[in-house]
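The primary structure of each chain is shown beneath.
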Amino acid sequence: MEVDILEFKVPVDNNKTVFVWDIPPVLTQDKVNEQLFHIFSSFGPLYLLKVCPNAPLHPPGFYGIIKFYSAAHAANAQKRTDGCSLLHTAALKVKLCSKQTPHFLSGRNTPLSHARCLELANHCLGFNGWTSDIITLKELTNEEEGEDEEDGGGVRRRMRFGCLMKLSFPQHGVTTKGTAVVEETFTCTGPEVLLQRRCKLQRSVREKALVQGFSSVLLILLGDGKVMVELKRPSDRFEADETEDVLQVNEFSLSDSPADEEEAEDEDWDLTVS
């Protein structure tokens, strides 16, 4: 039985990328994107799908770039669609990326964004296949850090929140925990600004804790379509008795975070077709 393992991290291996060429300009770019997503998502969850116009020196039309989480899904999709009339047009060329994954990317473990984690979990497990519960959500700002300092028309404040979240997969008898600490320094010009920042930080720390929880989860895809959930083993650098009740806590500063996580993830890709 074939088995494939998915992790909640950005896929970087080139063998998970499929190119679609010779798409005629019969449909609009948005319509091509919609139909390609419908076709290729049937083979497995997609991390990325982009449709781009051909270069000026080439005939009018489009090409598509599809990034799967699974190399097996990508290979199966290429095999089943190459040479087929996918968009009610002439046969299209569908090829796997043949470039070797760069060495500096091969060991990269960038976690998925909060939205991508939800998307992947819901695709593989269903909306009722997992649950999340907040164990603790607490403001960690101490008195010294919370003291106001005059800064023009407002006062400077530093705010920090921590969150401990439980992630459960009831059908598989698996639970794990995720933790995060988020802080931000800002100019407070009134109580409404303080309330907005507090709500923003609370939402952000919940999302970061959930992402950290998913980072320890493995989705095992079986050949018969079933999915199993397992947890990654603790790092070998810890002894068994040292890992009990130990959690990794990730600390984030909102000022250092990209304004758009999805755009930041896409920047990692060289989307040119050779």
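Scroll up for the structure.
What counts and how
Residues numbered from 1 in each chain as written. Predicted model: local features only at pLDDT ≥ 70, side-chain atom pairs only at ≥ 80, totals over all residues. Heavy atoms only, no water. Pairing = 2+ DSSP bridges. Helix = DSSP H or I, 4+ residues; strand = E, 2+ residues; numbered from the N terminus. Axes fitted to C-alpha atoms, helices over the stretch in contact; angles between N-to-C directions. Contact = heavy atoms within 4.5 Å. Salt bridge = Lys/Arg side-chain N within 4 Å of Asp/Glu carboxyl O. Buried < 20%, exposed > 50% of the residue type's maximum accessible area, 1.4 Å probe, protein only.

Trainee: Give a detailed account of the sheet that holds strand β11 (residues 227-231), specifying residues and quantitative values.
Mentor: Across the sheet, 3 strands lie side by side as β1-β10-β11; this open sheet has antiparallel pairing. Two strands lie at the open edges of the sheet, namely β1 (3-7) and β11, each paired on one side alone. Recorded for the sheet is a direction-independent mean angle of 25° between the axes of neighbouring strands.

Trainee: If you had to explain the sheet that holds strand β5 (residues 93-96) to someone new, which residues and values would you point to?
Mentor: A sheet is described by the order of its strands in space; here 4 strands give the open sequence β3-β4-β2-β5, paired in antiparallel fashion. Of all strands in the sheet, those with a lone pairing partner are β3 (46-53) and β5, marking the two edges. Adjacent strand axes in the sheet meet at a mean angle of 15° when their direction is disregarded. Pairing geometry for strand β2 (residues 17-23) and strand β4 (residues 62-68), over 5 bridges, is antiparallel. If you follow T17 over to β4, its bridge partner there is K67. Lying over the sheet, helix α1 (residues 29-40) contacts β2, β3, β4 and β5, oriented at roughly 150° with respect to β3.

Trainee: Before we move on, could you go through the pattern of salt bridges and cite the residues and values that matter?
Mentor: Any two side chains of opposite charge can pair, so long as their charged atoms come close to each other. Throughout the structure, instances matching the rule amount to 9 salt bridges. Between K232 and E7 there is a salt bridge; the shortest N-O distance is 2.8 Å. Taken as a pair, K232 in the loop between β11 and α7 (240-243) and E7 in strand β1 lie far apart in primary sequence, 225 residues in all. According to the relative accessible area criterion, K232 is partly exposed, its value standing at 34%.

Trainee: Which residues make up the environment of P59, and what are the values?
Mentor: One can find P59 in the loop between β3 and β4. Taking relative accessible area as the criterion, P59 reaches 59% and is therefore assigned exposed.

Trainee: I'd like to hear about the environment of T81, residue by residue, with values.
Mentor: With respect to the secondary-structure elements, T81 resides in helix α2 (residues 71-81). Assessed through its relative accessible area of 2%, T81 is described here as buried. Considering only alpha carbons, one finds T81 and V94, 13 residues apart in sequence, at a separation of 6.6 Å. The contact partners of T81, leaving out residues within four places of it in the chain, are I39, F40, F43, L86, L92 and V94.

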